[in-house]
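# A structural walkthrough
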Amino acid sequence: MELLSPAGNIKKLKYAIHYGADAVYTAGRKFGLRAKCLNLSYEELKEAVNFCHNNKKKIYVAVNIFAHNSDLEKIPPYLKFLQKIKVDAVIVSDPAIFALAKEYIPELPVHVSTQANITSWKSAEFWFKQGAKRVILARELTISEIRKIREKVPGIELEMFIHGAMCMSYSGRCLLSSFLNNRSANRGYCTQPCRWEYHLIEQTRPGEYFQIEEDKYGSYILNSKDLCLIDRLLEIMAAGINSVKIEGRMKSLYYVANVTRTYKEALNLLSAEKDIPSDLKEELNKVSHRHYTQGFFDKFDSTTTQFYNSSSYIREYQFIGEIIKTKENSIFISVRAKFNLGEKIEIIFPDRQDDLTIKVNNIFDEEGLPISYTKPNTIIKIDLENRIPLNGIVRKKISGK
Ligand code: SF4
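Report follows, based on the coordinates.

Parameters at a glance
Residues numbered from 1 in each chain as written. Predicted model: local features only at pLDDT ≥ 70, side-chain atom pairs only at ≥ 80, totals over all residues. Heavy atoms only, no water. Helix = DSSP H or I, 4+ residues; strand = E, 2+ residues; numbered from the N terminus. Buried < 20%, exposed > 50% of the residue type's maximum accessible area, 1.4 Å probe, protein only. Contact = heavy atoms within 4.5 Å. Pairing = 2+ DSSP bridges. Axes fitted to C-alpha atoms, helices over the stretch in contact; angles between N-to-C directions. Salt bridge = Lys/Arg side-chain N within 4 Å of Asp/Glu carboxyl O. Expected span 1.5 Å × (residues − 1). Arc of directions from axis to C-beta. Near = heavy atom within 4 Å. Nonpolar A, V, L, I, M, F, W, Y, C, P; charged D, E, K, R; others polar. Phe/Tyr/Trp six-rings, centres within 6.5 Å; stacked < 30°, edge-to-face > 60°.

### Quick word on the overall build of the protein chain
- A count of helices and strands for the protein chain gives 11 helices and 18 strands.
- Oriented by its inertia axes, the alpha-carbon framework of the protein chain measures out at about 65 × 60 × 45 Å.
- The 401 residues of the protein chain split such that 52% are buried.
- Across the protein chain, every contact between residues at least 6 apart in sequence was considered, and the portion connecting residues at least 24 apart equals 67%.

### Some details on the sheet that holds strand β17 (residues 379-383)
- Reading across the sheet, the 6 strands line up as β16-β15-β18-β13-β14-β17 and stay open at both edges, with antiparallel pairing between neighbours. Among the strands making up the open sheet, the edge pair consists of β16 (356-359) and β17. Strand-to-strand, the axes of this sheet are offset by a mean angle of 35°, without reference to chain direction.
- Bridge count between strand β13 (residues 317-327) and strand β18 (residues 393-397): 5 bridges; the pairing is antiparallel. Within β18, the residue paired with Phe319 across the bridge is Arg395.
- Its contacts with the sheet place helix α10 (residues 253-271) against β13, β15 (344-348) and β18, and it is angled at close to 90° to β18.

### A closer look at the pattern of salt bridges
- Enumeration according to the criterion identifies 28 salt bridges in this entry.
- A salt bridge links Arg29 to Glu44; the shortest N-O distance between them is 3.3 Å. Residue Arg29 is located in the loop between β2 (23-27) and α2 (42-54), and its partner Glu44 is located in helix α2; the two are separated by 15 residues in the primary sequence.
- For Arg29, a relative accessible area of 49% gives the class partly exposed.
- With a closest N to O distance of 2.9 Å, Arg261 and Asp355 form a salt bridge. Placement of the pair is Arg261 in helix α10 and Asp355 in the loop between β15 and β16, with a sequence separation of 94 residues.

### Points about α2
- Counted at 1.5 Å a residue, the expected span for α2 with its 13 residues is 18 Å, and the 18 Å between its end C-alpha atoms agrees.
- Within the span of α2, buried status applies to Leu45, Ala48, Val49, Phe51 and Cys52. For α2, the angular spread of the buried residues around the axis is 165°, confining them to a single face. In α2, the exposed positions angled more than 90 degrees off the buried face are occupied by Glu43 and Asn54.
- In this structure, the buried side of α2 is in contact with α1 (10-18), β2, β3 (58-62) and α4 (75-84).
- Following α2 by one or two positions, Lys56 adopts a phi angle in the positive range, close to 60°.

### Focus on the site of the ligand
- Residues in contact with the ligand, as listed here, are Cys167, Met168, Ser169, Cys174, Ala185, Cys190, Gln192, Pro193 and Cys194.
- Across the shell around the ligand, the residue classes break down as 7 nonpolar, 2 polar and no charged.

### Observations regarding the environment of Lys286
- Counting through the fold element by element, Lys286 comes out in the loop between α11 (278-282) and β12 (292-293).
- The class of Lys286 is buried, set by a relative accessible area of 14%.
- With 110 residues separating them in the primary sequence, Lys286 and Lys396 have C-alpha atoms 9.7 Å apart.
- Here Lys286 is in contact with Tyr254, Asn258, Tyr317 and Arg395, once residues within four sequence places are set aside.

### Regarding the packing of aromatic side chains
- Per the counting criterion, the structure on display carries 6 aromatic pairs.
- Considering the side-chain rings of Tyr15 and Tyr19, the 6.2 Å spacing of their centres and the 40° angle between planes classify their relative orientation as tilted. The same class applies to Tyr15 and to Tyr19, which are both buried.
- Look at Tyr42 and Tyr78: their rings are 6.1 Å apart centre to centre, the planes differ by 50°, and that puts the pair in the tilted class.

This is the structure we're talking about:
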């Protein structure tokens, strides 16, 4: 079963691959649904394909907006470009873009996006008959519905989300952002109004806000928890899923790396008929996340998938830097957040056995002068006792957590 990770930019893509992804999904600067993450330029897309293929990994590119007439003539040249640089598949949701892909790049595999809301075997069969290689199932399916789809449409590849943020509405069927902010989710500009705090106003009392629930934070009536299916991977494998997907093209490189690494190790353990240890699962609590849910895996039950008290993230650890270079026993860190001399920091690596916790005994600035704390967006050096592996990411426990 393929582990598929998000790649919101070229750096995150490389971390996803280093930390165990079998494939990544990304988008170019146009026609993808995550306009706020910068996405990849044409040059970066070429670089990304080469990087993935040199590492024997796959790359899928989302072209999953719902196109308007004015988009149509711009799409075929872009699809041809993607075919030319040899991406492994395009991800589409709009039948118009699907038709253009079949017309202009018939050899390139097409995956049908979760935005197309594939909630039944008939829908999966429909796309299979149209020539889709894979469908990305709607998040709103139970495992028994997924088994039925596998049984009824054996020839199609099935991909499903196993981790990450969820919408409170069916993907692609939400107009909140468009309505409240004039930023359409279906054009890649969702401003996440489902996470906002709402109050009730009585028509004749403008300016008087009534809380919908008796809670000092107001009410987050639309706020979905985050999906986490690490405890259900065996059932997912047994159901004949081909690819499991982590949500999060907008998340940090630390999030992408650590969640990818956790699921990769879990899948490897299960394949070797071993259990997933609790300290491995605990890693999923060390990235910024909302309360977790198993979504609709067992039954369609919105009472367990929403969190009404707050939309804030739970954050026990802070991503504080990325190791950009090692030289003998010295490490050079591109700093994301402040840390002090004498503090304990953790460095994680693609192989969890290499992870280190160290007390910071020295910090040097870019001129090589000793300093007592770091500043974001600077590069610092720390001398360690031993040489460490490549691609380390630095985090620290938030005090009091
Ligand atoms: S507003 Fe919320 S539910 Fe709607 S598309 Fe955006 S994230 Fe999804």
